[in-house]
Amino acid sequence: MSKDSQMRAAINQKLIETGERERLKELLRAKLVECGWKDQLKAHCKDVIKEKGLEHVTVEDLVTEVTPKGRALVPDSVKKELLHRIRAFLAQHATL
Amino acid sequence: MKSDETIQETFSLSPKKKKYPKLNVLSVMSPAGCSHVNGYKVDNWKQNLRVIYQCFVWSGTAETRRRKAKSCICHMCGAHLNRLHSCLYCVFFGCFTKKHIHEHAKNKRHNLAIDLLYGGIYCFVCQDYVYDKDMEQIAKEEQRKAWKLQAFETRPSRLYSLESTGIGEKYTTWEPTKRELELLRHNPKRRKITTNCTIGLRGLINLGNTCFMNCIVQALTHTPLLRDFFLSDRHKCEMQSNSCLVCEMSQLFQEFYSGHRSPHIPFRLLHLVWTHARHLAGYEQQDAHEFLIAALDVLHRHCKGDTIHDNGKKANNPNHCNCIIDQIFTGGLQSDVTCQVCHGVSTTIDPFWDISLDLPGSSTPFWPLSPGGDGSTVNGESHLSGSTTLTDCLRRFTRPEHLGSSAKIKCGGCHSYQESTKQLTMKKLPIVACFHLKRFEHSAKLRRKITTYVSFPLELDMTPFMASSKESRMNGQYQQTVDVLNNDNKYSLFAVVNHQGTLESGHYTSFIRQHKDQWFKCDDAIITKASIKDVLDSEGYLLFYHKQFLEYE
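This section reports on the structure supplied with the text. Note that this is a predicted model, so its numbers are computed, not measured.

## Remarks on the interface of chain B and chain A
Item 1. Taken together, the contacts link 26 residues of chain B with 25 residues of chain A.
Item 2. Taken together, both faces of the contact between chain B and chain A bury some 2,500 Å²; the carbon and sulfur share is 55%.
Item 3. Between chain B and chain A we count 1 salt bridge in total.
Item 4. Here R83 of chain B and E60 of chain A are joined by a salt bridge, their closest N and O atoms 3.3 Å apart.

Quick look at the structure:
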């Protein structure tokens, strides 16, 4: 594993251990609902299902179709806030 | 750990013989799960599944979190990302995106895996996620358990003393109960809310100078949180008689959102008001502000049945009630009295439902403020050649005031009577802030109405008036650096009550906001569309603002 991915794995472990990962996930979820992202994506999912047909569509289809749009639609303010939180967390656990 | 170990052996449960599922042909997806799942449901499968959820999906305790952090990596490539899945038949973790778990499933003929991010069960034969009722039940329970544990766990750290991880209760989407399904079937009429839908708008007949009541009713029925409370039937009446004002409010909301366009006749409401607030009875014109406070008071008293039980204790303390009225309207006003000699500060915090603001032109001197100067562009109000703004009034309200030599306060530090200054600031902001512009002067000398134009904004930031912002104010700086991430103090205007005429004879009307950007003028039974300009140009007597962002407690 490269040094970069080693670092990522270490940070991820710390986030899980302290429960911070769950908190961040919940914060992200709330922010994405607030800004309407969830509704936008939900509508897109419905479109994909209509297109592919309810009988034939799989979760995998939805993930493939919806992921790029989902990533692009996250507002900068939400990204900023999450980054802010993660930075604060890293500063607090400087021994990493 | 050898990847061939069964879950039971790994976690020291009673060892059983290894079992492998029979290979079945692809089956049609149904909400009752697939047939391959039934192959898994043997022996002690429920307990096994629970263990997997507790250890690797929703880890509630510090110990399980540590284990999860260490062990949840792909057994083939070591990555912790890529939608990691765990095999349900043995201890194997693999990436979904890189198909490592797929390889494992093929090689070992272990056809079921669980998504460690969301807990979904994947069947490799059906090639899709499957939804088995029993498994979903287990998943739901384990998730709730883990959340509960996390909410009450305390986390010691170097920088802070014991601090709760506090996420609160997990959000779950609404699922109708049997009874609700029945009701939905028996009431098939559906109403679609479009942007130009007028539901929630209804005129009110004037029963004889009752416009003071009508305009307040319009404001209350358009308070979003209050509307949501009543439309979701949250009031549980504990009053024996028929004189519960909260029940009547509930009825009123039903009337307003019924879709009827004819004006409503609020005779029952009027009668209840006369019963519970005697000072407002009679056919003369009353003060709308007085009515608002009286109504909130009666509603608050009648809400006893709805107070939220905190750990089993009922909130019967009138100062710490948790009824819907308090949750929405009650704020905390901080009063700091500073002794001029020893500079000791005595602080009290009092609850408030509204903020009454003095206006220039009244007998009490208004602080002269230069228009357009130092920070008066806060809240983007227009300063038309010397006109006063709401912000000006708030600044005056929260300024330090010398109490004078005739009003010395007994200082606890000096143990004697000293001159002091007093300052009011907002300690806690309510969800709905109501500003009362004191236009009616009832002093010993004269009784008159102050018609000075006060401009008020559509969006209001209360940060400068908070107790926490007090230090910068003492230095005479009114320009606060706007914290982009702190949305706690931002408010939006949603209702305005206006008075036309004189003190002796006048008429109340209101503007209310609908669907975010549409405004309507309510003049008793007549509702007309209004522009934002109409609203902001109006004189303004009672201004209702709603917090833009709501935080969980």
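There's plenty left to go through after this.
## So, helix α9 (residues 224–231) of chain B
Residue and element names in this part refer to chain B.
Item 1. By the burial criterion, the buried members of α9 are L226, F229 and F230. Buried positions in α9, seen along its axis, are confined to an arc of 90° and lie on one side of it.
Item 2. On the buried face of α9, the contacting elements are α8 (211–221), α10 (245–256) and α13 (324–329).
Item 3. Residue D233 follows α9 closely and has a positive phi angle near 60°.

## Some thoughts on the packing of α10 of chain B against helix α11 (residues 267–276) of chain B
All names here are of chain B.
Item 1. α11 packs onto α10 with a crossing angle of 160° between their chain directions and a minimal axis gap of 10 Å. Relative to α11, the element α10 lies roughly antiparallel. The crossing of α10 and α11 is left-handed. Contacts between α10 and α11 involve L245, E248, Q251 and L252 from the first element and R268, L269 and L272 from the second.

## What about the sheet that holds strand β9 (residues 345–352) of chain B?
The strands making up a sheet are joined through hydrogen bonds of the backbone, oriented either antiparallel or parallel.
Residue and element names in this part refer to chain B.
Item 1. Spatially, 4 strands are ordered β9-β8-β15-β12 in an open sheet, and the strand pairing comes out antiparallel. Where the open sheet ends on each side, the last strands, each with one partner, are β9 and β12 (401–402).
Item 2. For strand β8 (residues 331–339) and strand β15 (residues 420–428), the ladder comprises 8 bridges, and the chain directions are antiparallel. Paired with T338 across the bridge in β15 is T421.

What counts, and at which threshold
- Residues numbered from 1 in each chain as written.
- Chains lettered and ligands numbered in written order.
- Predicted model: local features only at pLDDT ≥ 70, side-chain atom pairs only at ≥ 80, totals over all residues.
- Heavy atoms only, no water.
- Contact = heavy atoms within 4.5 Å.
- Buried area = accessible area lost by both parts, 1.4 Å probe.
- Salt bridge = Lys/Arg side-chain N within 4 Å of Asp/Glu carboxyl O.
- Buried < 20%, exposed > 50% of the residue type's maximum accessible area, 1.4 Å probe, protein only.
- Helix = DSSP H or I, 4+ residues; strand = E, 2+ residues; numbered from the N terminus.
- Arc of directions from axis to C-beta.
- Axes fitted to C-alpha atoms, helices over the stretch in contact; angles between N-to-C directions.
- Parallel < 35°, antiparallel > 145°, perpendicular 65-115°, else oblique.
- Left-handed = near helix turned anticlockwise from the far one by under 90°.
- Pairing = 2+ DSSP bridges.

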